[in-house]
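Letter by letter, the chains look like this.
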Amino acid sequence: MGYVVLALLLIVGAAAAVVAQRRRGGRAEPAVPVAAPPAVPEPEPEPDPGTGARVEAARWVERLGAGPAGIDAAGDKAAVQALADATERYRAAKGELAAGRYDSAAAAAVEGLHYVRAARTALRLDPGPVLPGLGTGAVTARDGRVIVADRTYTVSNRWRDGVTPYYYAGGVVAGRRVPGGWYSAPWWNPALAVA
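Bear in mind the structure is a predicted one, so any value in this text is a computation, not a measurement. Counting from 1, residues in each chain are numbered in the order their sequence is written. Local features in this predicted model are restricted to residues of pLDDT 70 or higher, and side-chain atom pairs are both shown and tallied only at a pLDDT of 80 or more, whereas totals for entire chains, interfaces and linings draw on every residue. As a convention, hydrogens and water are excluded, and side-chain values are obtained from all of the structure's heavy atoms.

(A) Spotlight on the packing of aromatic side chains. Only centres within 6.5 Å qualify two rings of Phe, Tyr or Trp (six-membered ring in Trp) as a pair; their planes then separate them into stacked at under 30 degrees, edge-to-face at over 60, and tilted for everything else. Taken as a whole, this structure holds 2 aromatic pairs when the rule is applied. Ring pairing ties together the aromatic residues Tyr115, Tyr167 and Trp182, which thus form one cluster.

See the structure below:
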């Protein structure tokens, strides 16, 4: 019986509230908005310092991977050697990229692209876009001589069949800076193997 009385009191109270609300115009009083505290933005994650270098290196490696596509050396000794050198640099660049050594991956890929340009030049094709330097100079003379280990080699800034068929992109060989250019013999191969 106590529950019945309680229920009746609740119903009467609710009815009185409805009547009182209608007497005031039928509208409930607007709720006062309470300002919520400003949301604190999540801190943005720190960018990986290697991200930019990784993307740049991957771009160069990808470009080198596509570089020899469509080039038919057609038995041209200089082009065949330059493409072989480019392929070797591509493998090295991919390995450096996988190991997280992005600067050396990019350097190897750019060097490989220099060899692709050399192959295109030897085949009398458009060499393609200009590439960044390798940190060494380039042979500027049309024809010259260089002495390495008491042997004289012909060097040039251009390919000439039978005279300067071997291209070296430039670099350091046995502790000595060597400019990029066309040489009469691949004298740097034994030095690179030892260095």
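(B) Local environment of the nonpolar core. If you look at the biggest cluster of nonpolar residues, it comprises 40 residues, and the most contacted ones within it are Trp60, Tyr168, Trp182, Tyr183, Trp187 and Trp188. Put simply, DSSP marks the helices as runs of H or I at least four residues long and the strands as runs of E at least two long, and each gets a number from the N terminus on. Elements that contribute at least two residues to this core include exactly α2 (51-66), α3 (77-98), α4 (102-122), β1 (144-148), β2 (151-156), β3 (166-168) and β6 (181-183). Top element by residues in this core is α4. It accounts for 11 residues. The contact criterion used is simple: two residues touch if any of their non-hydrogen atoms lie within 4.5 Å. Discounting chain neighbours no more than four positions away, the residues touching Trp188 are Tyr166, Tyr167, Tyr168, Val173 and Tyr183. Here the nonpolar core consists of buried residues drawn from Ala, Val, Leu, Ile, Met, Phe, Trp, Tyr and Cys, with membership extended through side-chain atoms lying within 4.5 Å. The rule is simple: take the accessible area with a 1.4 Å probe, protein chains only, and divide by the maximum for that residue type; under 20% is buried, over 50% is exposed, in between is partly exposed.

(C) Focus on the pattern of salt bridges. Just to be clear on terms, a salt bridge is a Lys or Arg side-chain nitrogen sitting within 4 Å of an Asp or Glu carboxyl oxygen. The tally for this structure, following the rule as stated, stands at 4 salt bridges. Measuring nitrogen to oxygen at the nearest pair gives 2.7 Å for the salt bridge that ties Glu56 to Arg59. Here Arg59 and Glu56 lie together in helix α2, a separation of 3 residues that amounts to about one turn. Here Arg89 and Glu88 are joined by a salt bridge, their closest N and O atoms 2.5 Å apart.

(D) How the structure looks around the sheet that holds β6. The strand order across the open sheet built from 4 strands is β1-β2-β6-β3, with neighbouring strands paired in antiparallel fashion. Looking at the sheet topology across the chains shown, the edges are occupied by β1 and β3. The sheet shows a mean angle of 40 degrees between the axes of neighbouring strands, taken without regard to direction. Pairing between strands is defined by DSSP: at least two bridges between them are needed. Here β2 pairs with β6 via 2 bridges, running antiparallel. By the bridge assignment, Val155 is partnered in β6 with Tyr183. Against the sheet, α4 touches β3 and β6, its axis set at about 155 degrees to β3. In this analysis, axes come from line fits to C-alpha atoms, helices being fitted only over the stretch in contact, and the angle between any two N-to-C directions falls in the range 0 to 180 degrees.

(E) Quick peek at α3. Any helix carries an expected span of 1.5 Å times its number of residues minus one. Here α3 contains 22 residues, and its C-alpha end-to-end distance of 32 Å stays within 8% of the 32 Å for a straight helix at 1.5 Å per residue. Looking at α3, one finds that the buried residues are Ala78, Ala79, Ala82, Leu83, Asp85, Ala86, Arg89 and Ala93. Within α3, the buried residues cover an arc of 160 degrees as seen down the axis, which keeps them to one side. Opposite the packed face of α3, turned more than 90 degrees from it, sit the exposed residues Lys77, Arg91 and Ala98. Close packing links the buried residues of α3 with α2, α4, β3 and β6. One or two residues past the end of α3 sits Gly100, with phi positive at roughly 85 degrees. The directions from the helix axis to the C-beta atoms form the arc being described.

(F) Region of the structure containing the packing of α3 against α4. The interhelical angle for the contact between α3 and α4, taken along N-to-C directions, is 165 degrees, at an axis separation of 8 Å. Considered as vectors, α3 and α4 are oriented roughly antiparallel to each other. The interaxial crossing formed by α3 with α4 has left-handed handedness. Contact residues: Ala78, Ala79, Ala82, Leu83, Asp85, Ala86, Arg89, Ala93, Glu96 and Leu97 in α3; Tyr102, Ser104, Ala105, Ala108, Ala109, Glu111, Gly112, Tyr115, Val116, Ala118, Ala119 and Ala122 in α4. Ten residues, namely Ala, Val, Leu, Ile, Met, Phe, Trp, Tyr, Cys and Pro, are considered nonpolar, four, namely Asp, Glu, Lys and Arg, are considered charged, and the remaining ones, Gly among them, are considered polar. Its residues assigned to classes, the contact of α3 with α4 comprises 16 nonpolar, 2 polar and 4 charged. Put simply, angles under 35 degrees are roughly parallel, angles over 145 are roughly antiparallel, angles from 65 to 115 are roughly perpendicular, and the rest are oblique. Here a crossing is called left-handed whenever its near helix is offset anticlockwise from the far helix by less than a right angle, and right-handed whenever the offset is clockwise.

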